[in-house]
Amino acid sequence: MKIPGRLAKLNKKLNNNKKMKNKIKWGVIGSGGIAKRRTIPEGIMKAGNAALISVYDIDHEVNKNVAAQFGAVASPGIEELLDSGIDAVYVASPANNHLEQVISCARAKKHVLCEKPLGMTVAEAEQMISVCKEEGVTLGVGLMMRFVEQHKAALELIKSGKLGKPVYGRAQLSCWYPPIAGAWRQDPMTGGGGSLMDMGSHCIDLLEMFFGKAKSVSCFINNIVHPYKSEDSAVVSIFFENGALGTVDTCFCIPDNSSKNILELYGSGGSIIASGTIGQGAAGEMTAYIESDLTGYDAAQQRGAGEGMKINPVPENTYMAEIEEFGKSIFENRQPSNSYSLGLRSQQVLEACYRSAKTGSVVEIN
């Protein structure tokens, strides 16, 4: 009488093994915060090639709740998480923990998707990369705004030459982030910096995605509203290697609904203007104004009332796309499009920005 039950259990186990064969088994370090809000529910739980196995957070009560919510094991420590049968780890802890945690994952032969910034400094990023290469594991960085379908469509327009020669780009990302006790982004010793490090990094990365590498930067940072140790506002002027110019403005001291997270890309053949595409959502509004019939100089500078071309491809959740791409790269034994090279580059540009803010000078990017 017991045999059918045993066979059913065995059959269920075999089916589960088959399902897991085509999935990356994930663990999460830093299960609260962005992991709980976005990356676990929208990314790991929704990606076709991912399965959540275990989670860890320094706040054990939060970790226990996250595990219960998403059907995972609440690991009491990182060592237990690494020993839970996982293939990859999503690291979403404060930036000052990234170096030690990424290296621990790599030594355990686990692939790592690390939230930006990739450590606290260029040197830390380089050390993480070196260890991951040594251990033969994939290292990626969480710059999910590259996966916004409208950003990808804008990039194709630029690559096709329809925007003409790139002239100027602006990327804005701001929010209201008042003083919060223990908030690691509000202390450079735990977050590496404030609004520039946390949000400006996304903006700079996007402008480099569209216009190529930055050659030099000039930067101002400030604490104009909030008294915490990290900057609450920053503006960066960028000179690109192709001759284009750019601006990034990013603040922790502007009300959420008052910052429209603008993206502007201008070229000799037109422009691409967007609102709300930069951020945690999957889509905003984007319009391309392409001048296909450029003539001579118009002294009157008359501007038509044309509505332009709406760019609204079918949106895809950026967290799901990021997780799926990372998983595909492991199965296909290649570097992911969100590879460590983006994280290292981000640190190099940010380091130049902070040096410029400190010295009041234009800084070349090595």
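Cut-offs used in this document
- Residues numbered from 1 in each chain as written.
- Predicted model: local features only at pLDDT ≥ 70, side-chain atom pairs only at ≥ 80, totals over all residues.
- Heavy atoms only, no water.
- Helix = DSSP H or I, 4+ residues; strand = E, 2+ residues; numbered from the N terminus.
- Expected span 1.5 Å × (residues − 1).
- Bend = angle between axes of the 7 residues up to and from the residue.
- Buried < 20%, exposed > 50% of the residue type's maximum accessible area, 1.4 Å probe, protein only.
- Pairing = 2+ DSSP bridges.
- Contact = heavy atoms within 4.5 Å.
- Axes fitted to C-alpha atoms, helices over the stretch in contact; angles between N-to-C directions.

### Regarding helix H9 (residues 195-211)
Moving on, step 1. Spanning 17 residues, H9 covers 22 Å between terminal C-alpha atoms, matching the ideal 24 Å at 1.5 Å per step.
Moving on, step 2. Its maximal kink placed at Ser201, H9 deviates by approximately 40 degrees.
Moving on, step 3. Of all 17 residues in H9, 17 are buried; the element is thus mostly enclosed.
Moving on, step 4. Two residues or fewer after H9 comes Gly212, characterised by a positive phi angle close to 90 degrees.

### Examining the pairing of strand E12 (residues 270-275)
Moving on, step 1. Of the pairings in the sheet, the one linking strand E11 (residues 262-267) to E12 comprises six bridges and is antiparallel in character. Its bridge partner being in E12, Leu265 is matched across the sheet by Ile272.
Moving on, step 2. Following E11, the chain reverses through two residues before pairing antiparallel with E12.
Moving on, step 3. Sheet analysis places E12 next to strand E13 (residues 285-290), joined by six bridges and oriented antiparallel.

### Some thoughts on the sheet that holds strand E6 (residues 139-142)
Moving on, step 1. As summarised here, the arrangement of the six strands in space is E3-E2-E1-E4-E5-E6, forming an open sheet in which the pairing is parallel. Only two strands of the sheet have a single neighbouring strand rather than two, namely strand E3 (73-74) and E6.
Moving on, step 2. Pairing analysis gives four bridges linking strand E4 (residues 88-91) to strand E5 (residues 111-115), with the strands arranged parallel. Bridging across to E5, Val89 finds its partner in Val112.
Moving on, step 3. Across the sheet, helix H10 (residues 318-331) lies against strand E1 (24-29), strand E2 (50-56), E4, E5 and E6, angled at about 155 degrees from E5, the strand it touches most.

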